[in-house]
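# Examination of the molecular architecture
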Protein chains: 2
Amino acid sequence: MPKKYKLPAGTIRTTSLDVAALAGVSQSAVSRAFTPGASISPTTRDKVLDAARKLNYVPNSIASSLITHRSNIVALILGDLHNPFYTHVLEAFGREVQARDRQLLVFTLNDEQETDDAIMRLLRYQVDGVILTSAQMSTQMVGMCQNRGIPLVLFNRYIPQSGTFGVRCDNAWGGRQIAEAFLRAGAKSFAMITGDPKGTTSKDRVAGFVERLIESGVSRASIRSYEGDSTYEGASDAVQRMMADPEGLPDALFGINDTMAMGAMDTLRHQFGLSIPEDIMVAGFDDIPEGARLPYQLTTVRQPINRMVRATIDHLSLDGPAQSTDLPHDLPIRGRVVWRSTVPGDPPAEV
Amino acid sequence: MPKKYKLPAGTIRTTSLDVAALAGVSQSAVSRAFTPGASISPTTRDKVLDAARKLNYVPNSIASSLITHRSNIVALILGDLHNPFYTHVLEAFGREVQARDRQLLVFTLNDEQETDDAIMRLLRYQVDGVILTSAQMSTQMVGMCQNRGIPLVLFNRYIPQSGTFGVRCDNAWGGRQIAEAFLRAGAKSFAMITGDPKGTTSKDRVAGFVERLIESGVSRASIRSYEGDSTYEGASDAVQRMMADPEGLPDALFGINDTMAMGAMDTLRHQFGLSIPEDIMVAGFDDIPEGARLPYQLTTVRQPINRMVRATIDHLSLDGPAQSTDLPHDLPIRGRVVWRSTVPGDPPAEV
């Protein structure tokens, strides 16, 4: 620490030697007590932590990161916080990363163009890993992380042929299950409210949904599609356009995320006086807790958030020497259909 | 940087000298270009950033923080992410902190007991400031931040007599306005669904609400109160208890946050078949966007989030020499009543 820095009046800085003396252990034991994954007995660790509390001592992670080249910081780039799904994702990452004695440096982005800037910024913090949940990032930025040896994992998306690791829900599989549910319930005409047209998540859900309908003899041209901007409000606007369409009301509507399905339901009921599922059946995707509430009771596909979050953190190899190249570069994890009351009848078998 | 550290094969580390040479500026100009608030012309800054991009250069904030004692990291301790209000708070802090070229280190807590541990952890990162939004923290931890000269600001709460700074919504004022709205609409019997009994937020809203009712001649004993755990589900349980109460249905129900008011509305309607406001009027607090949706149209008090967030960041004095002692230690900011359809009639004058 440079001598010229003047601490504010009354400031006390205890050193690890003081803690070692009070705890009756070596200075190296004090260091190990504060290092994630270091070998130390629980008794010794408790002695050190007790002494540290009494002396108001905390180690300086910033200084030690210059030696270890580990900052114990994991960067999380979050896109759309208006979708409650990402609130649950943030909470799960917070819990799992903190359980590994690291902290999340969170970047919230207003639009996709900011992702590259966010990565430029986070590289300054020598983070131990980067988790990207927002849609787009340039291959130049992927290259900058790779050049610097910083593990990068994409959450719920992938960049084909980029060499990056991605962990995601099996979105195409989920889309197929929703199509099958609608078909078994007797639907003959179909509409979708889609999300970000550049993101793989919306594209894959749509692809699985359409694929299954076509397998069952539905013509591609008869499957209508409305852009919903991934938001509640965007889905409400999409329903206005759908209702103005001369083709009339479809039997079944797939909101490719729950927030959009909820926006569609509220608009169909409160603005157009329609009943769900009697007049139109609706399904979503994600299984956010809000979709289970009494006014919605939304049939949907559960994303296995906890398994996805743990697989993402495993892919960062925080305690390993380097990110393993043996891991799959695209790891789709299958969720499950959650059957509620917006699609009539019984759940069909998986397809 | 210690020589013994071996970079992964293929890793390139450009230095600020390379960038200075390509940009045709001094090494000190490169440093200033990456320092928040440093004096540099926009032209020079652009030259440096262009060269940095071409060379894949990013400065090392960790190393420079040892000299400047500024990490450019602001810690945000978030409690209950299940309340969408805090998602909006996180988004606003992300936007404002990033606009000041800092980043948020986010701590998500599962319960209040973890706050002290979170502060122990964040002190290791030499953060430039701490924003605490969750309910409880010990005076010992307040003292540790003060001893280390780390600015601490409480968001939407205060710790009386602790010497800490707090920025919050004027919760008692808001509670008074809801009481007045119910009285003007003709309500004679009242109930509240309350939040965290230890937090000042719930206590102050309740105090303002009760104070105004008593001023108007309502007896304290006749104002019923049910604990709702600050959550949608807790409020639904509270409504079950309220409906089982032999005193019968009150005329008006105050959910002291919007999430609880929404949980109460859904339960009253879908489980007990009641109409709002015909059978019972309801109001909330916060003005989360979800409360404005078609099924709710909730009358509430808007928290002035953006003003509160900016005042909180100003209180951190990120660019100043030290946190000013002239600032008010408790800064309540008045919101405004948002009048929708869960309370009948017209909005009353402010009281």
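Preceding block: the structure.
Analysis parameters
- Residues numbered from 1 in each chain as written.
- Chains lettered and ligands numbered in written order.
- Predicted model: local features only at pLDDT ≥ 70, side-chain atom pairs only at ≥ 80, totals over all residues.
- Heavy atoms only, no water.
- Core = buried A, V, L, I, M, F, W, Y, C linked by side-chain atoms within 4.5 Å.
- Buried < 20%, exposed > 50% of the residue type's maximum accessible area, 1.4 Å probe, protein only.
- Contact = heavy atoms within 4.5 Å.
- Pairing = 2+ DSSP bridges.
- Helix = DSSP H or I, 4+ residues; strand = E, 2+ residues; numbered from the N terminus.
- Axes fitted to C-alpha atoms, helices over the stretch in contact; angles between N-to-C directions.
- Phe/Tyr/Trp six-rings, centres within 6.5 Å; stacked < 30°, edge-to-face > 60°.

### Observations concerning the nonpolar core
A:Phe182, A:Phe209, B:Phe182 and B:Phe209 are the most contacted members of the largest nonpolar core, which totals 140 residues. When sequence neighbours within four positions are dropped, the list of residues in contact with A:Phe182 reads A:Ala187, A:Phe190, A:Phe209, A:Ala252, A:Leu253, A:Phe254, A:Met281, A:Val282, A:Ala283 and A:Val343. With 46 residues, the next largest nonpolar core counts A:Met141, B:Ile77, B:Ile119 and B:Val127 among its residues.

### As for the sheet that holds strand β6 (residues 190-194) of chain A
Residues and elements named next belong to chain A. Spatial ordering of the open sheet is given by β7-β6-β8-β9, a layout of four strands whose pairing is parallel. Only two strands of the sheet have a single neighbouring strand rather than two, namely β7 (223-227) and β9 (281-283). Each strand of the sheet is rotated relative to its neighbour by a mean of 20 degrees, with strand direction disregarded. Sheet analysis places β6 next to strand β8 (residues 252-255), joined by four bridges and oriented parallel. Following the sheet pairing, Ile193 is matched in β8 by Gly255. Strand contacts of helix α8 (residues 171-184): β6, β8 and β9, with the helix running at about 165 degrees to β8, the strand carrying the most contacts. Strands in contact with helix α11 (residues 258-270) are β6, β8 and β9; relative to β9, the strand with the most contacts, it is inclined by about 155 degrees.

### Section: the packing of aromatic side chains
Residue and element names in this part refer to chain A. Counted according to the given criterion, the structure contains eight aromatic pairs over all chains. Where Phe182 meets Phe209, the ring centres are 6.0 Å apart and the plane angle is 90 degrees; that geometry is what we call edge-to-face. You can see Phe182 sitting in helix α8 and its partner Phe209 sitting in helix α9 (residues 200-215), a full 27 residues away along the chain. On the basis of relative accessible area, Phe182 is assigned to the buried category, the value being 0%.

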